[in-house]
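Observations on the model geometry
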Amino acid sequence: MAPKHLTEDGTQKTTFQELECSLSLVSEVQQQPIYYAIFNIVLSITAFLGNSIILVALHKESSLHPPSKLLYRCLAVTDLLVGLVSQPCHVSYWMSLVQEHWSLCPYARDAAYITSYALCGVSLSTMTAISVDRLLALLLGLRYRQKVTLKRTYVIIATFWIVCNVAASFFIWNNSSTIWVGRIFIPSCLVISVGSYTKIFRTLSHHQTQVQDHVQQQPSQPNALNMAQYRKAVYSALWVQLALVVCYLPYGIMEIVISHRKTYSSHSAVSREIAIILVYFNSTLNPFLYCWKISEIRRAVRQTIRQALCCLWPGVTQAKTFRELACSPSFASGLQQQSKCFSAVNIFFSITAFLGNSFILVALHKESSLHPPSKLLYRCLAITDLLVGLVSQPLYATYWMSLVYENWSLCRYAIDTVCVTGYTLCGVSLFTMAAISLDRLLALLLGLRYRQIVTLKRTYIIEAIFWIVCSVGALCYLLDYRITFSCGCFIISSCLLISIIAHSKIFLTLSHRQAQVHDQQQPSQSNALNMARYRKAVYSALWVQLAFVICYVPYSVMVITLHFRKSYPSHSIKGIVTVFAFFNSTLNPFLYCWTISEVKQAVKQTIRQASCFSWI
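Residues numbered from 1 in each chain as written. Predicted model: local features only at pLDDT ≥ 70, side-chain atom pairs only at ≥ 80, totals over all residues. Heavy atoms only, no water.

**Brief notes about the overall build of the chain**
Counting its regular elements, the chain contains 24 helices and 2 strands. Each of the 616 residues in the chain was classed as buried or not, and the buried ones make up 46%. Excluding contacts between residues fewer than 6 apart, the proportion of contacts in the chain whose partners are at least 24 apart in sequence is 82%. (Helix = DSSP H or I, 4+ residues; strand = E, 2+ residues; numbered from the N terminus. Buried < 20%, exposed > 50% of the residue type's maximum accessible area, 1.4 Å probe, protein only. Contact = heavy atoms within 4.5 Å.)

Laid out in structure tokens, this is it:
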């Protein structure tokens, strides 16, 4: 335990390690440790799965230079170990605070710090080695493969692991030693990386000038180094390094601030934990960066996932991918007129969805009689519908027009973005509707405690989780649509089951209480909950949910048919069911105005104000 410090008036000043495992921290941050633990568990799982797939893909990939591939494998191993070791230790630390297990708390904290410092040090060293490797590939030319060998790379990586583990272990005896090592080590790595990339871009600029001016012709140089491929490799490494710096910088700033102040307040604890979560997020982000920026890894990851899915569904083969079927001349031939019609219909519904949901959002902003968490759920639903009209439908109209003009590259980009944005927004809408049904059930069961339990802050956290989960599931479509299909099946079935159970429980409880009212009057119960108003709110939510199910059932049937039968539906059926699904975003504003009187009055007032303003 670190010693206490005294201020000028003789009072004790709380030090860094004292407050980390103290009852005062728990009492000040209240329920936040549970939320921190949940975030770390989610990031731990995603980091482990993502980097496991990257390691398998790198093992299969043979086109990358072995030393370069080894450096990326080392980076993926450190990220995997962050998700497998550091984050579970960090979760244990926060849960020990919640359970007030003071003997476990310091051990979990020390384990999290030691492993994190070691793994972050190896990651930073490896990123520096990658920048030097890219510089040597440019400067050495043909001698690069002779100088940069696999054996030497293994020795360098082993040195990184030994040095970083020894430096991190100093934390056990004196944490200031580890901090001082970090202050020397981190700037050194950053200076080397910045110097390497500066030299790389200057050399590339000079080489480009030579090529343009035809000053020197060197036939052997293009063979020694493919400049286009090299530039791509440099930018890939640079993106990964920039992501690391952006994720690690807030934590570095917090450590400097805390070390200079020599204090650790509850506000500092919250800020520092957010910075730590951002550091851990880097381990989840890196696999996506590899797939986005390195085409060889992206192809290997796709192949790995497809093979894994074929093992899960034996006997199922994929003759053509969804994109190939949706953007093929045979599919679009002779149907240019229908494509134009579908494009026009989508543009029309895009405008109506945008305008209608904009009015709803303005009305909800003005309306104050609704309970804030309930209003937030409806605002989230209106935002997803607005984004459907603002993003998904214009992209879908672009897809149809790309079929008309046979622009197949634009077609593939359009269908990918439509599917990713559409699946994300549809998933958030479905989650939000399930949350609305649970919200109505809790309002019935909790009575007067409802406003204490269902708070605005908790609702914001739940909605943020919905967006993160749906975005990650939708982005998996870019790797293999069957991942998104599996996630969609689980989300849809779970949300519908939750909604059905919630509404069934609501109507059974209402029926039971109605019988009680007939048999015996209970004035206190009616004061706790206005049954007439509650019934109206339940029916309003139910109408919106039924409209969503009706609009999306045809599209769900089409997707299931495509998955299991491997036969793509006709041009007309595909266009109709997708337009019908998007029509839900135009329909919802009318349902809000029809079923929720407060929203209807606010919308009328908004339209009147807009009309008066336009006539001034």
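**Here's the deal with helix α5 (residues 104–140)**
Over its 37 residues, α5 runs 53 Å from end to end, which matches the ideal 54 Å to within 8%, given 1.5 Å per residue. Most of α5 is tucked away: 26 of the 37 residues are buried. With its phi angle positive at about 65 degrees, Gly141 sits one or two positions after the end of α5. (Expected span 1.5 Å × (residues − 1).)

**A short note on the nonpolar core**
Counting 59 residues, the largest nonpolar core has Ile54, Ile200, Tyr290, Ile297 and Val301 as its most contacted members. For this core, the secondary-structure elements that each account for two or more residues are α3 (32–60), α4 (66–98), α5, α7 (150–169), α8 (175–213), α10 (227–261), α11 (266–293) and α12 (295–312). With 13 residues, α10 is the single largest residue contributor to this core. Shared between two domains, this core holds at least three residues of each, these being domain 1 (16–208 + 227–312) and domain 2 (323–517 + 526–613). Those residues in contact with Val301 that sit more than four places away from it in its chain are Ile53, Ile54, Ala57, Cys291 and Leu479. Leu370, Cys380, Cys470 and Ala581 belong to the second-largest nonpolar core, a separate cluster that totals 40 residues. (Core = buried A, V, L, I, M, F, W, Y, C linked by side-chain atoms within 4.5 Å. Domains from an automatic or database assignment.)

**Some details on a nonpolar patch on the surface**
Taken together, Ile347, Ile351, Phe354, Leu355, Phe359, Leu390, Val391 and Ile607 make up a surface patch of nonpolar side chains, about 640 Å² in accessible area. Among the secondary structure elements, those contributing two or more residues to the nonpolar patch are α15 (336–366) and α16 (372–404). The biggest single contributor to the nonpolar patch is α15, with 5 residues. Residue position: Ile347 is located in helix α15. The class of Ile347 is partly exposed, set by a relative accessible area of 44%. (Patch = residues over 30% accessible without salt bridge, like charges linked within 9 Å, V, L, I, M, F, W, Y side chains within 5 Å. Areas by Shrake-Rupley, 256 points an atom, 1.4 Å probe, with all protein chains shown as cover. Salt bridge = Lys/Arg side-chain N within 4 Å of Asp/Glu carboxyl O.)

**Concerning the side chain of Glu61**
Residue placement: Glu61 occurs in the loop between α3 and α4. No salt bridge is formed by the buried Glu61, whose closest oppositely charged neighbour, Arg299, lies at an N-O distance of 5.5 Å. Not counting residues within four places of it along the chain, the set of residues in contact with Glu61 comprises Lys69, Glu296 and Ala300. (Lys, Arg positive; Asp, Glu negative; His and termini not counted.)

**Quick look at the packing of α5 against α7**
Running from N to C, α5 and α7 point in directions that differ by 145 degrees, and their axes come no closer than 8 Å. For the element pair α5 and α7, the recorded crossing hand is right-handed. Residues Ile114, Tyr117, Ala118, Leu119, Gly121, Val122, Ser125, Thr126 and Ala129 of α5 touch α7, and the partners they reach there are Phe160, Trp161, Cys164, Asn165 and Ala168. Tallied by class, residues from the contact of α5 with α7 come to 10 nonpolar, 4 polar and no charged. (Axes fitted to C-alpha atoms, helices over the stretch in contact; angles between N-to-C directions. Left-handed = near helix turned anticlockwise from the far one by under 90°. Nonpolar A, V, L, I, M, F, W, Y, C, P; charged D, E, K, R; others polar.)

**As for the environment of Ser176**
Its location among the elements puts Ser176 in helix α8. Through-space distance from the C-alpha of Ser176 to that of Ser259 is 9.2 Å; in sequence the pair is 83 residues apart.

**Topic: unusual backbone geometry**
Phi angles above zero are rare outside glycine, and Glu406 is one such case at about 55 degrees. Within the secondary structure layout, Glu406 lies in the loop between α16 and α17 (408–446).

**A short note on the pattern of salt bridges**
One pass over the full model with this rule turns up 3 salt bridges. In this structure, Arg109 engages Asp110 in a salt bridge whose closest nitrogen and oxygen atoms are separated by 3.2 Å. Its salt-bridge partner being Asp439, residue Arg440 comes within 2.8 Å of it at the nearest N-O pair.

**Quick word on the side chain of Ser68**
Take Ser68: it is sitting in helix α4. In this structure the side chain of Ser68 is engaged in a polar contact, spanning 3.4 Å, whose partner is the side chain of Tyr144. Each residue touching Ser68, except ones within four places of it in the same chain, is listed here: Asp133, Arg134 and Tyr144. (Polar contact = N/O pair within 3.5 Å; in protein donor to acceptor, adjacent residues only side chain to side chain.)

**Side note on the packing of aromatic side chains**
Applying the stated criterion across every chain, the model contains 17 aromatic pairs. Arranged with centres 4.8 Å apart and planes meeting at 5 degrees, the rings of Phe431 and Phe466 form a pair that is stacked. Of the two residues, Phe431 sits in helix α17 while Phe466 sits in helix α19 (residues 456–475), which places them 35 residues apart along the sequence. The exposure classification of Phe431 matches that of Phe466, with both residues buried. Of the aromatic side chains, those joined through ring pairs into one cluster are Phe342, Tyr396, Tyr399, Trp400 and Phe582. (Phe/Tyr/Trp six-rings, centres within 6.5 Å; stacked < 30°, edge-to-face > 60°.)

**A closer look at a positive patch on the surface**
A contiguous patch of positive charge on the surface is contributed by Lys536, Lys600, Lys604 and Arg608. Broken down by element, the residue count for the positive patch peaks at 3 residues, all from helix α24 (residues 597–615). Summarising the element assignment, Lys604 is placed in helix α24. (Charge placed at Lys NZ, Arg CZ, Asp CG, Glu CD.)

**Brief notes about α7**
Its 20 residues give α7 an end-to-end C-alpha distance of 29 Å, which sits within 8% of 28 Å, the value for a rise of 1.5 Å per residue. Where α7 is concerned, the buried positions are Thr153, Ile157, Phe160, Cys164, Ala167 and Ala168. All buried residues of α7 fall inside an arc of 100 degrees around its axis, so they share one side. Residues of α7 that are exposed and angled more than 90 degrees away from the buried face: Lys151 and Ile162. (Arc of directions from axis to C-beta.)

**Focus on the packing of α16 against α17**
At their nearest, the axes of α16 and α17 sit 8 Å apart, and the two run at 160 degrees to each other. Of the possible angle classes, the one that applies to α16 and α17 is roughly antiparallel. By crossing handedness, the relation of α16 to α17 is classed as left-handed. Among the residues forming the contact of α16 with α17, the class breakdown is 22 nonpolar, 10 polar and 2 charged. (Parallel < 35°, antiparallel > 145°, perpendicular 65-115°, else oblique.)

**Structural notes on the environment of Leu475**
The residue Leu475 is located in helix α19 in this model. Once the C-alpha coordinates of Leu475 and Thr421 are considered, the two residues, 54 residues apart in sequence, prove to be 8.8 Å apart.

**With respect to the confidence of the model for the chain**
Scored by pLDDT, the chain has a mean of 79; 81% of the residues are at 70 or more. Taken element by element, the predicted model of the chain shows its lowest mean pLDDT in strand β1 (residues 5–6) (36) and its highest in α7 (91). This model gives residues 313–320 a pLDDT under 50, and the stretch forms 12 contacts once residues within four places in sequence are excluded. Taken as a whole, residues 525–529 scores under 50 in pLDDT and shows 6 contacts with residues more than four places along the chain or in a different chain. (pLDDT = per-residue confidence, 0-100.)

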